[in-house]
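# Inside the fold
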Amino acid sequence: MQRVRFLARVTALAVVVLVGVGACALDPQAEGVGGSTPGPVGLTEGASGASASPTPDQPVTSPSAQPSRTASPKPSRSPEATKTTKPKPKPSASAGCPQGEHQRAVETYLTRLGGFGTLTVDGEQSAADCAAIKKFQIRYGISPSSGRAGPTTYDVAKRLADTDTDTARCRAGSRLTFCVDLTRQTVWAMRGGTVVMGPTVTRTGMSGYATPAGTYSVGRKNPREWSNPYEVWLPYWQQFNGGIGFHETTTYLHNGAIGSHGCVNLLHRDAVRLWELGSVGTRVVVIGRRPGT
């Protein structure tokens, strides 16, 4: 009887061991992800399916040895310690106004001419220089009027400044006289030795149509003359030599590659002023010769 009881206990223990082994082998959670080698029974993370078994480069550590994900924050720095305040650069005095290659010369000529503002003759652009140069460019129809002392601004300023100191070349006498300097391409008006209209720019006859020098008088005036040969209106027309006369320009005056067919072209403002001054019989003196004609 005792032998039978012993054999029964041994048989029962064997069944328990077999059942336990089968359950571990068939546990889907023990297979990890992608068919990897299952870890030891009882070390799985349940529904996550991730194995907590150590890999060759991951030693087993106790939870208390793992670095905390909620480590205490580092002490905050004061705003003075974390922010560096950089001084803002001072705006350039000539911001937005480029400096040209003829800066000093233009400063010199505009200072001589006067009336455009205070300039410093030092060859360095400044806000005051920029404003004066822009004013000059606008006055004499120079485009763009950016304040840059470029070739056109230099050329116009030089011609006007040189004419301004040499108006007596016109030999106007006591009566009202319109003076045209073909060499410098400038126009002014005098009466009794006094300049009544300051030197301004003009464009006269191009090569093949050179405006002739000489002394003439205004023969006819028309606020809007039609040119038959060239089919164009000529505003503020004052004829003084055949088909040649003063009138407002119909193209950009400072395009030196072209010229008139003998007429004396003027900016709108100057054509109007000369029209207001002149009358039939006004004396006209034309001197010099346009370069290239």
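Residues numbered from 1 in each chain as written. Predicted model: local features only at pLDDT ≥ 70, side-chain atom pairs only at ≥ 80, totals over all residues. Heavy atoms only, no water.

### Topic: the overall build of the chain
Stated precisely, the cut-off is as follows: Each helix is a run of H or I in the DSSP string that is no shorter than four residues. Each strand is a run of E no shorter than two, and both are numbered from the N terminus. Under the scheme applied here, a residue whose accessible area is under 20% of the maximum for its type counts as buried, over 50% as exposed, and between as partly exposed, the area being computed with a 1.4 Å probe on protein chains only. Only heavy atoms matter for contacts: two residues are in contact if any of them lie within 4.5 Å across the pair. Computed with a 1.4 Å probe, the accessible areas rest on the Shrake-Rupley method; for each residue, only the protein chains presented here act as cover.
Along the chain, the regular secondary structure elements total six helices and nine strands. Considering the chain as a whole, with its 293 residues, one finds that 33% of them fall into the buried category. Long-range pairs, those at least 24 residues apart, make up 54% of the contacts in the chain between residues at least 6 apart in sequence. Carbon and sulfur atoms make up 56% of the accessible area of the chain, which totals about 17900 Å².

### Some points on the sheet that holds strand E9 (residues 283-287)
Where we set the bar: Between any two strands, at least two bridges found by DSSP are needed for them to pair. Note on geometry: axes are lines fitted to C-alpha atoms, helical ones only across the stretch in contact, with angles between N-to-C directions running from 0 to 180 degrees.
Strand order in this open sheet of five strands is E3-E2-E1-E9-E4, and the pairing throughout is mixed. Single-partner strands in this sheet number two, and they are strand E3 (194-201) and strand E4 (214-217). Each adjacent strand pair in this sheet contributes to an overall mean axis angle of 20°, direction not counted. Contacts between helix H6 (residues 268-277) and the sheet are confined to strand E1 (177-181), strand E2 (186-191) and E3, with E3 contributing the most and set at about 150° to the helix.

### Things to note about the environment of Thr 194
Tracing the chain through its elements places Thr 194 in strand E3. For Thr 194, a relative accessible area of 46% translates into the label partly exposed. For the pair Thr 194 and Ser 174, spaced 20 residues apart in sequence, the C-alpha to C-alpha distance is 8.9 Å.

### Focus on the sheet that holds strand E5 (residues 220-227)
The strand order E5-E6-E7-E8 describes an open sheet built from four strands, whose pairing is mixed. The outermost strands of the open sheet, each flanked by one partner alone, are E5 and strand E8 (264-266). Direction aside, the axes of adjacent strands within the sheet are offset by 30° on average. Across three bridges, strand E6 (residues 232-241) lies against strand E7 (residues 244-248) in antiparallel orientation. The residue of E7 that forms the bridge with Gln 239 is Gly 245.

### Digging into the packing of aromatic side chains
What counts, and what does not: The pairing test for Phe, Tyr and Trp rings, Trp by its six-membered ring, is centres within 6.5 Å, and the orientation test on the planes gives stacked under 30 degrees, edge-to-face over 60, and tilted for anything in between.
Under the counting rule described, the total for this entry stands at nine aromatic pairs. An angle of 50° between the planes, with centres 6.1 Å apart, marks the rings of Tyr 109 and Tyr 154 as tilted. Of this pair, Tyr 109 sits in helix H3 (residues 103-113) while Tyr 154 sits in helix H5 (residues 151-164), placing them 45 residues apart in sequence. Consider the rings of Trp 226 and Trp 233, whose centres lie 5.0 Å apart with planes at 65°: the pair is edge-to-face. With relative accessibility at 37%, the residue Trp 233 sits in the partly exposed group. Taken together, the aromatic side chains of Phe 178, Tyr 216, Phe 240 and Phe 246 make up a single cluster linked through ring pairs.

### Looking at the pattern of salt bridges
Side-chain pairs of opposite charge can arise whenever the charged atoms involved come near each other. Heads up, the condition is: Here a salt bridge means any side-chain nitrogen of Lys or Arg lying within 4 Å of a carboxyl oxygen belonging to Asp or Glu.
Summed over the entire model, instances satisfying the criterion amount to 11 salt bridges. With a closest N to O distance of 2.8 Å, Asp 155 and Arg 159 form a salt bridge. Residue Asp 155 and its partner Arg 159 are located together in helix H5, separated by four residues, close to a single helical turn. What makes Arg 159 buried here is its relative accessible area of 15%. Through salt bridges with shared partners, one network takes in Asp 166, Arg 169, Asp 181 and Arg 184.

### So, the side chain of Asp 181
As a reminder, the rule being used: Two N or O atoms count as a polar contact when they lie within 3.5 Å, although within protein this holds only if one can serve as hydrogen donor and the other as acceptor, and sequence-adjacent residues are included solely when both atoms are side-chain atoms.
Summarising the element assignment, Asp 181 is placed in strand E1. Using a relative accessible area of 0% as the deciding quantity, one classes Asp 181 as buried. Here the side chain of Asp 181 touches Arg 169 through a polar contact of 2.9 Å, side chain to side chain. Those residues within four positions of Asp 181 in sequence are excluded, and the remaining contacts are Arg 169, Thr 186, Trp 188 and Ile 287.

### Description of the nonpolar core
The condition that has to hold: The set of buried Ala, Val, Leu, Ile, Met, Phe, Trp, Tyr and Cys residues whose side-chain atoms join them within 4.5 Å is what this entry labels a nonpolar core.
Phe 178, Val 180, Phe 240, Phe 246, Val 284 and Val 286 are the most contacted members of the largest nonpolar core, which has 19 residues in total. Elements that contribute at least two residues to this core include exactly E1, E2, E7, E8, H6 and E9. Considering each element in turn, this core owes the most residues, three residues, to H6. Judged by nonpolar contacts, the second largest core, of 18 residues, contains Val 106, Ala 132, Leu 160 and Ala 161.

### Side note on the state of the cysteines
To be explicit about the condition: Criterion for a disulfide: a pair of cysteine sulfur atoms at a distance within 2.5 Å.
Considering all chains together, one arrives at two disulfides under this definition. A sulfur-sulfur separation of 2.1 Å characterises the disulfide bridge that pairs Cys 97 with Cys 130. One quick way to see it: the torsion about the S-S bond of Cys 97 and Cys 130 is about 100°, and its sign makes the bridge right-handed. Within this pair, whereas Cys 97 is found in the loop between helix H2 (79-82) and H3, its partner Cys 130 is found in helix H4 (residues 127-139), the two being separated by 33 residues in sequence. For Cys 130, a relative accessible area of 8% gives the class buried. Disulfide pairing places Cys 170 opposite Cys 179 at an S-S distance of 1.9 Å. Because the sign of the S-S torsion sets the handedness, a value of about -85° for the bond joining Cys 170 and Cys 179 places this disulfide among the left-handed ones.

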